[in-house]
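Chain residues, written in single-letter form:
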Amino acid sequence: NKPWQCPECALSQATKDADTLHRCNLGWRGWVYDESKRRWVQRRRRMGRKRPGKSNRLDGMKVDGQRERTVYLLTLTIPHHQGLELDPMRRAAARAYQRCLEGGAYMKLKKDFGIRSTVRRVEITTGPSGWHPHVHALLFVERKLTDAQIESLREKYWLRWSDAVERAGYKRPSKKFGVDLIV
């Protein structure tokens, strides 16, 4: 194990202890983030180089020079009010989203709308109505969707999401605030 060096203050540490703090107050977790980011950038640069005869999936918005790819932001919200506990709501949001991605109906939805993959994150905010857990998901789609297709996809996600939230024991989300889908 080599000692690591803090990227901010150049102080070397002999251990990779998560509790280690040093003069710049950037702990191990901050270093992990910076190091992971550096590695990701290097890997992305390597993958971004075109090789003869190979398609380059990460090259802008084109795939093999033929189709345009688009990314949509999906936001899914659980109805909430003051006094609800955070941990059960957070778990319910994560599980409800997982349920949205299960089954043959979702596979058909993916095929119909050209969804290649998704990335999601559960975010927690707080306000006058208490804890507000919601899911942000990026939908990587093979083609640009029309306004009618976007509305149809939003409706289908709302049906899946609201059923999953109700199944988790929470109030059914409204169509207006429960699901948002934007380019």
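As the structure is a prediction and not an experimental result, all values here were calculated from the model.

The rules behind each value
- Residues numbered from 1 in each chain as written.
- Predicted model: local features only at pLDDT ≥ 70, side-chain atom pairs only at ≥ 80, totals over all residues.
- Heavy atoms only, no water.
- Salt bridge = Lys/Arg side-chain N within 4 Å of Asp/Glu carboxyl O.
- Helix = DSSP H or I, 4+ residues; strand = E, 2+ residues; numbered from the N terminus.
- Buried < 20%, exposed > 50% of the residue type's maximum accessible area, 1.4 Å probe, protein only.
- Arc of directions from axis to C-beta.
- Contact = heavy atoms within 4.5 Å.
- Axes fitted to C-alpha atoms, helices over the stretch in contact; angles between N-to-C directions.
- Parallel < 35°, antiparallel > 145°, perpendicular 65-115°, else oblique.
- Left-handed = near helix turned anticlockwise from the far one by under 90°.
- Nonpolar A, V, L, I, M, F, W, Y, C, P; charged D, E, K, R; others polar.

A. View of the pattern of salt bridges. Taken as a whole, this structure holds 9 salt bridges when the rule is applied. A salt bridge links Asp112 to Lys108, with the shortest nitrogen-to-oxygen separation between them at 2.8 Å. Here Lys108 and Asp112 lie together in helix 3 (residues 104–113), a separation of 4 residues that amounts to about one turn. Residue Asp112 is classed as partly exposed on the basis of its relative accessible area of 39%. Looking at Lys108, the relative accessible area reads 51%, which means it is exposed. One connected set of salt bridges, linked through shared partners, spans Asp87, Arg90 and Arg91.

B. Quick look at helix 3. Within helix 3, the full set of buried residues consists of Tyr106, Leu109 and Phe113. Within helix 3, the buried residues cover an arc of 55° as seen down the axis, which keeps them to one side. Pointing more than 90 degrees away from the buried face of helix 3 are the exposed residues Gly104, Lys108 and Lys111. Residues of helix 3 that are buried sit in contact with helix 2 (86–100), strand 6 (115–127), strand 7 (130–141) and helix 4 (147–167). Gly114 sits one or two positions beyond helix 3 and adopts a positive phi of about 70°.

C. A look at the packing of helix 2 against helix 4. In the contact formed by helix 2 and helix 4, the axes pass within 8 Å of each other and the chain directions differ by 135°. Accordingly, the angle class assigned to the pair helix 2 and helix 4 is oblique. Taken as a pair, helix 2 and helix 4 cross one another with a handedness that is right-handed. Mapping the contact onto sequence places Ala93, Ala96, Tyr97, Arg99 and Cys100 in helix 2 and Arg160, Trp161, Ala164, Val165 and Arg167 in helix 4. A per-class count over the contact of helix 2 with helix 4 returns 7 nonpolar, no polar and 3 charged.

Functional significance is not addressed by these values, which are geometric in nature.
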